[in-house]
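Coordinate inspection notes
Residues per chain are reported as follows:
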Amino acid sequence: MERIASFTVDHNKLVPGLYYSRRDGDTVTFDLRFKKPNTGDLLSNSEMHSVEHLIATLLRNSEDKEAVIYFGPMGCQTGFYFLFDNRLLSLEGAIELLKEVFTAAASFEGEMPGKSAVECGNYVNLDVDTGKAVCKFYADLIADWTVEKLSYD
């Protein structure tokens, strides 16, 4: 059986950042790494869930919403994947979009999007302040990110 692309990356060398993971046809996958793998320092379920609700909502309400395919957490609890249509959004545009939405999420005002039993299967572990804090960390981390920095070392 072939190894999937993400398993070919040496996770012992990964540090928090924004990386080009793969391309499948017109779909590009970005690796949004928040934590250094294999250190025991992981995102909590509430952090992942809260970031997911904030960022997915902002991405799907952005001017580039037609290019957004998916945003969601990694099972290893160290980051997120962002998939987008490269015909509708360039690599540069995707980086700028992520900078915009993480900055907006860091200062988000109001109730957590999707925080009800009708809208979410585990709405009780959503916390807007938790999500905002994690989004601020990542917004600051990628503030100066460029296409040249997208490659895994």
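Remember, predicted model here, so these are calculated numbers, not experimental data. (Residues numbered from 1 in each chain as written. Predicted model: local features only at pLDDT ≥ 70, side-chain atom pairs only at ≥ 80, totals over all residues. Heavy atoms only, no water.)

This paragraph deals with the packing of aromatic side chains. Under the defined criterion, the tally for this structure stands at 11 aromatic pairs. Between the aromatic rings of Phe34 and Phe102, the centroid separation amounts to 6.0 Å while the plane-to-plane angle is 55°, which identifies the pairing as tilted. Of this pair, Phe34 sits in the loop between β2 (27–33) and α1 (45–59) while Phe102 sits in helix α2 (residues 91–106), placing them 68 residues apart in sequence. Taking relative accessible area as the criterion, Phe34 reaches 2% and is therefore assigned buried. When the ring of Phe34 is compared with that of Phe137, the centres are 6.4 Å apart and the planes differ by 45°; the resulting orientation is tilted. Of this pair, Phe34 sits in the loop between β2 and α1 while Phe137 sits in helix α3 (residues 128–142); the two residues are 103 residues apart in sequence, bridging distant segments of the chain. A residue is classified by how much of its surface remains accessible, and Phe137, at 40% relative accessible area, is partly exposed. (Phe/Tyr/Trp six-rings, centres within 6.5 Å; stacked < 30°, edge-to-face > 60°. Helix = DSSP H or I, 4+ residues; strand = E, 2+ residues; numbered from the N terminus. Buried < 20%, exposed > 50% of the residue type's maximum accessible area, 1.4 Å probe, protein only.)

As a further point, take the pattern of salt bridges. Under the counting rule described, the total for this entry stands at 9 salt bridges. Across the pair Asp85 and Arg87 runs a salt bridge whose closest N-O atoms are separated by 2.6 Å. Residues joined in a network through salt bridges with shared partners are Arg23, Asp26, Asp85 and Arg87. (Salt bridge = Lys/Arg side-chain N within 4 Å of Asp/Glu carboxyl O.)

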